[in-house]
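Given next are the chains, with one letter for each unit.
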Amino acid sequence: MNRERPRRYASQGVAAAVYADLDSDDGIVGSDDDAGKPDEFYSERVPNCERNLRNIDRSIKKRVEMKWESPSDNECIQIKSTVIASYREKKWYGDDRLVVTICGTYKDNDAVLSNPKIVECVACGQASYRLRFNGKWDSSVHEDMPEEYLAKWMALVGASHNENFKIFEFDKVATTEFASSLYAHNFSNQLASTFKKASNNIRTVIKISDLPSSVGSGSAQFSTTPSNHLVSFIAIVTPSPDWFVGINSQDMCEKSTDGRAVWVKRKVYKLYPIDGGIDNGIKYSQARSKEIPLQQIKPAHEVHGHNKKSSLYSKDNNKGNPFAELIIELTKINNPNKCESQNAQPSYSGGSGCVYSSWTIWYYDGLPAECKQLKCDVQVFRTRAIKTKESNCKSNKHLVDYKSCRDLQPKDCQDGDETEEEVPLSN
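Calculation rules
Residues numbered from 1 in each chain as written. Predicted model: local features only at pLDDT ≥ 70, side-chain atom pairs only at ≥ 80, totals over all residues. Heavy atoms only, no water. Helix = DSSP H or I, 4+ residues; strand = E, 2+ residues; numbered from the N terminus. Buried < 20%, exposed > 50% of the residue type's maximum accessible area, 1.4 Å probe, protein only. Contact = heavy atoms within 4.5 Å. Salt bridge = Lys/Arg side-chain N within 4 Å of Asp/Glu carboxyl O. Phe/Tyr/Trp six-rings, centres within 6.5 Å; stacked < 30°, edge-to-face > 60°. Lys NZ or Arg CZ within 6 Å of the ring centre and 35° of its normal. Disulfide = S-S within 2.5 Å. Axes fitted to C-alpha atoms, helices over the stretch in contact; angles between N-to-C directions. Left-handed = near helix turned anticlockwise from the far one by under 90°. Nonpolar A, V, L, I, M, F, W, Y, C, P; charged D, E, K, R; others polar. Core = buried A, V, L, I, M, F, W, Y, C linked by side-chain atoms within 4.5 Å. pLDDT = per-residue confidence, 0-100. Pairing = 2+ DSSP bridges. Polar contact = N/O pair within 3.5 Å; in protein donor to acceptor, adjacent residues only side chain to side chain.

K.L.:
Honestly, the overall build of the protein in this entry has me stumped. Any pointers?
P.N.:
From N to C terminus, the protein includes 5 helices and 23 strands. Counting only residues that meet the buried cut, the protein has 42% of its 427 residues in that class. Within the protein, contacts between residues separated by at least 24 positions form 74% of all contacts whose residues are at least 6 apart in sequence.

K.L.:
Would you mind going over the pattern of salt bridges with me for this structure?
P.N.:
Note on pairing: side chains with opposite charge can pair once their charged atoms come close. Taken as a whole and assessed by the stated rule, the structure comprises 5 salt bridges. Between Glu169 and Lys172 there is a salt bridge, and its shortest N-O distance comes to 3.6 Å. Across the salt bridge formed by Lys270 and Glu325, the nearest N and O atoms sit 2.2 Å from each other. Here Glu325 lies in strand E18 (residues 324–334) and Lys270 lies in strand E15 (residues 266–271), a separation of 55 residues in the sequence. For Lys270, a relative accessible area of 1% puts it in the buried group.

K.L.:
How should the packing of aromatic side chains be read in this particular structure?
P.N.:
Given two aromatic rings, their pairing is described by the distance between the two centres and the angle made by the two planes. Applying the stated rule across the entire model yields 13 aromatic pairs. Taking 5.9 Å as the distance between ring centres and 15° as the angle between the ring planes, the aromatic pair formed by Trp137 and Phe323 counts as stacked. Note that Trp137 is positioned in the loop between strand E7 (126–135) and strand E8 (152–161) and Phe323 in the loop between helix H4 (300–304) and E18, a separation of 186 residues in sequence. For the pair Trp137 and Phe323, one class covers both residues: buried. An aromatic cluster is present here, built from Phe133, Trp137, Trp153, Phe233, Trp243, Tyr284 and Phe323 joined pairwise through their rings. Across the ring face of Tyr272, the terminal group of Lys319 is positioned such that the distance to the ring centre comes to 5.7 Å.

K.L.:
In this structure, what is going on with helix H2 (residues 176–184)? I would like to understand it.
P.N.:
Think of an α-helix as turning once every 3.6 residues; residues three or four places apart then point the same way. Along H2, the residues classified as buried are Phe178, Ala179, Ser180, Ser181 and Leu182. Of the residues one or two after H2, His185 is the one with positive phi, at around 55°.

K.L.:
Before we go on, may I ask you to explain the state of the cysteines in this structure?
P.N.:
Disulfide: a covalent bond formed between the sulfur atoms of two cysteine residues. According to the stated counting rule, one finds 1 disulfide in the structure shown. Paired by a disulfide, Cys121 and Cys253 hold their sulfur atoms 2.4 Å apart. Classification of the bridge connecting Cys121 and Cys253 rests on its S-S torsion, roughly 85°, and on that basis the disulfide is right-handed. Of this pair, Cys121 sits in the loop between helix H1 (109–112) and E7 while Cys253 sits in strand E13 (residues 253–255), and the two are 132 residues apart along the sequence. The same class applies to Cys121 and to Cys253, which are both buried.

K.L.:
Please clarify how the environment of Pro299 should be interpreted in this entry.
P.N.:
Checked against the element boundaries, Pro299 lands in strand E17 (residues 298–299). When the C-alpha atoms of Pro299 and Trp243 are compared, they prove to be 9.4 Å apart, with 56 residues separating the residues in sequence. Sequence-distant contacts of Pro299, defined by excluding residues within four places in its chain, comprise Leu113, Phe170, Pro273, Ile274 and Asp275.

K.L.:
Even after reading the chapter, I still don't get the packing of H2 against helix H3 (residues 189–197), so can you show me in this structure?
P.N.:
Running from amino to carboxyl end, H2 crosses H3 at an angle of 140°, the nearest separation of the two axes being 7 Å. In this structure, H2 crosses over H3, and the sense of that crossing is left-handed. Facing H2, whose interface residues are Thr176, Glu177, Phe178, Ser180 and Ser181, H3 presents Gln190, Leu191 and Thr194. For the contact of H2 with H3, the class distribution of residues is 2 nonpolar, 5 polar and 1 charged.

K.L.:
Where do I start with the nonpolar core in this structure?
P.N.:
One recurring pattern in soluble globular proteins: nonpolar side chains tend to sit buried together. By size, the foremost hydrophobic cluster in this structure holds 60 residues, and its most contacted members are Phe133, Trp153, Phe178 and Trp263. Among the elements that make up this core, the one with the highest residue count is strand E11 (residues 230–238) (6 residues). Leave out the neighbours within four places in its chain, and Phe178 touches Ile167, Phe168, Leu191, Ile234, Phe244 and Ile297. Trp362, Leu374, Cys376 and Cys413 belong to the second-largest nonpolar core, a separate cluster that totals 8 residues.

K.L.:
Quick question: what am I supposed to make of the confidence of the model for the protein here?
P.N.:
Close inspection of predicted coordinates is inappropriate for parts of the model with low pLDDT. Per-residue confidence for the protein gives a mean pLDDT of 76, with 67% of residues at or over 70. Note on residues 21–41: pLDDT is under 50 here. Beyond four places in sequence and across chains, it has 43 contacts.

K.L.:
Teacher, can you tell me more about the sheet that holds E8 here?
P.N.:
Across the sheet, which stays open at both edges, the 6 strands sit in the order E9-E8-E11-E12-E16-E17 with antiparallel pairing between neighbours. For this open sheet the edge positions go to strand E9 (202–208) and E17, each flanked by a neighbour on one side alone.

K.L.:
What should I look at first to understand the environment of Thr175 in this one?
P.N.:
Summarising the element assignment, Thr175 is placed in the loop between E8 and H2. Sequence separation between Thr175 and Leu191 is 16 residues; the distance between their C-alpha atoms is 9.3 Å. Of the polar contacts made by the side chain of Thr175, one reaches the backbone nitrogen of Phe178; its length is 3.1 Å.

K.L.:
What's the story with unusual backbone geometry in this structure? I'm lost.
P.N.:
Glycine aside, residues mostly have negative phi, and peptide bonds are mostly found in the trans state. A cis geometry characterises the amide bond from Thr238 onward to Pro239, with omega recorded as 0°. Here Pro239 lies in the loop between E11 and strand E12 (243–251). Phi at Ala155 takes a positive value of approximately 55°, unusual for a residue other than glycine. Examined against the element boundaries, Ala155 turns out to sit in strand E8. Under the relative-accessibility criterion, Ala155 is labelled buried at 4%.

K.L.:
Explanation requested: the environment of Ile297 in the structure shown.
P.N.:
Along the polypeptide, Ile297 turns up in the loop between strand E16 (274–275) and E17. With a relative accessible area of 0%, Ile297 lands in the buried category. Sequence separation of Ile297 and Trp243 is 54 residues, and the distance between their C-alpha atoms is 9.8 Å. Among residues more than four places away in sequence, those in contact with Ile297 are Phe168, Glu169, Phe170, Asp171, Lys172, Ala174, Phe178, Phe244, Ile274, Asp275 and Gly276.

Printed below as a string of structure tokens:
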């Protein structure tokens with residue numbers, strides 16, 4: 001009985017390259033510093049083709065290694081390689097088995113697939129932002145795409161607002177107004193009416209024109225105040241049963257490293273499809289079928305990721321690649337020295353049993369206040385904390401105290417009217 005010898009998987013020649021998988025001008029991605037440099041004894045860069053690496057020695061190889069540092073923007077990349085079994089044959093081999101796609105992970109993913117905890121904002125001034133929406137719903141990284149001419153983004157709308165306004169919430173049923181927009185795939189009159197009725201809770205309405213391409217982009221501007229420091233935004237995946245992407249009540253106010261409340265400078269959200277719970281469809285293009293009763297709004301991969309017949313099927317039941325990207329950047333701050341002191345002084349129900357720490361020194365812009373060098377109308381602040389841990393501590397005393405330099409050092413501060421000030425941002 002003859003026994004076939006096991007085949008030896010080896011090669012003499014190997015070449016590899018790193019390419020941008022999505023949206024790159026020249027395809028060169030990653031660092032050319034320490035990582036990616038060839039080992040002078042075993043490999044070299046291909047002349048006139050800097051993103052390619054090839055071996056030098058022709059010994060038989062069963063495995064190869066290549067050091068490479070990822071780009072900082074966390075986009076997807078492809079590592080492609082080719083092998084030559086023997087230099088005598090002079091035939092190089094390369095197919096899908098020698099290509100791997102790697103995508104970065106994003107810190108903001110979990111934040112946009114759950115309802116955030118809303119806290120009070122005590123940042124000063126009014127912040128202006130630019131919001132940019134970039135579609136990344138592309139057939140190269142997403143399965144079962146509809147025809148290119150059908151794939152688009154509709155009803156790109158949002159608002160900067162306070163905690164009393166919501167477009168949608170995870171784990172809750174869509175409002176009648178939002179459901180009407182999802183079903184019609186547009187910014188319905190009912191949803192527009194909701195925005196108008198909630199005008200007291202909205203600072204800015206954000207609207208981008210419909211994008212006729214699934215990888216299209218658009219931008220808009222909005223502003224925030226300490227009273228209206230939250231941002232929500234949606235865009236409807238078209239065609240789809242009731243799928244959309246978006247953010248819910250994301251806070252543009254955050255704490256700096258020294259504990260001060262400041263305006264967010266830049267935030268990038270990777271957006272994944274969300275199931276609106278109004279249609280039980282599982283594929284992009286299929287007959288509409290209303291969900292009765294309505295289901296809770298959920299991340300779409302939780303609803304459809306396990307279903308092999310669904311357009312959103314994932315073998316690992318994970319989020320997959322993002323459908324879109326939302327970039328929010330601070331452009332300016334108006335009146336940075338004007339603080340809404342009533343927002344910075346949380347009130348508690350009356351009671352006793354509280355022990356307070358001592359007041360801190362007076363601060364201005366995160367540094368000890370020097371009223372001799374400041375205008376008289378500039379507001380400075382100090383803070384204290386409740387030291388008592390018992391539940392019976394219910395205080396109506398504020399923990400943040402604001403005063404003007406005129407109140408503290410009327411003879412030393414610089415007199416003169418305070419004018420509206422715009423602070424440009426440095427790069």
